[in-house]
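# Tertiary structure, described
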Amino acid sequence: MPHADTLTVIHHDDTRTRFKDVRYQLHRNGIRIWSADGEHAITDILMTHAYRQREAEQ
């Protein structure tokens, strides 16, 4: 299950929902997100942006 430091969900009405430090699972019916606030299931998704900071490779 992927991890994101910041996850932005863009809905069909162009509103945005932002989450920090989450695990998420994309599926055919939307996205399921697990955060410190609990579990969220969102179905009206236009697009998602997930960012994860990585340590520099040597």
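Analysis parameters
- Residues numbered from 1 in each chain as written.
- Predicted model: local features only at pLDDT ≥ 70, side-chain atom pairs only at ≥ 80, totals over all residues.
- Heavy atoms only, no water.
- Helix = DSSP H or I, 4+ residues; strand = E, 2+ residues; numbered from the N terminus.
- Contact = heavy atoms within 4.5 Å.
- Polar contact = N/O pair within 3.5 Å; in protein donor to acceptor, adjacent residues only side chain to side chain.
- Pairing = 2+ DSSP bridges.
- Axes fitted to C-alpha atoms, helices over the stretch in contact; angles between N-to-C directions.
- Buried < 20%, exposed > 50% of the residue type's maximum accessible area, 1.4 Å probe, protein only.

So, on to the environment of Asp21. Mapped onto the elements, Asp21 comes out in strand β2 (residues 16-27). Separated by ten residues in sequence, Asp21 and His11 place their C-alpha atoms 20 Å apart. If we skip the residues at most four places from it in the chain, Asp21 touches His3, Ala4, Asp5 and Ser35. Side-chain polar atoms of Asp21 contact the side chain of His3, separated by 2.7 Å.

Another point: the sheet that holds strand β4 (residues 38-42). Strand order in the open sheet formed by five strands is β4-β3-β2-β1-β5, and the pairing between neighbours is antiparallel. The open sheet has two free edges, formed respectively by β4 and β5 (45-51), since each of these has just one partner strand. The average undirected angle you get between the axes of adjacent strands in this sheet is 45°. As defined by bridge partners, strand β1 (residues 3-11) adjoins β2 across seven bridges and the pair is classed as antiparallel. Directly across from Ala4, in β2, lies its bridge partner Val22.

In terms of residue burial, β1 counts as a mostly covered element, since seven of its nine residues are buried. Hairpin connection between β1 and β2: a loop of four residues separates the two successive antiparallel strands, and Asp14 in this loop has a positive phi of roughly 70°. Two elements, β1 and β5, share six bridges in a ladder whose sense is antiparallel. Each residue of the ladder has a partner; that of Thr6, found in β5, is Tyr51.

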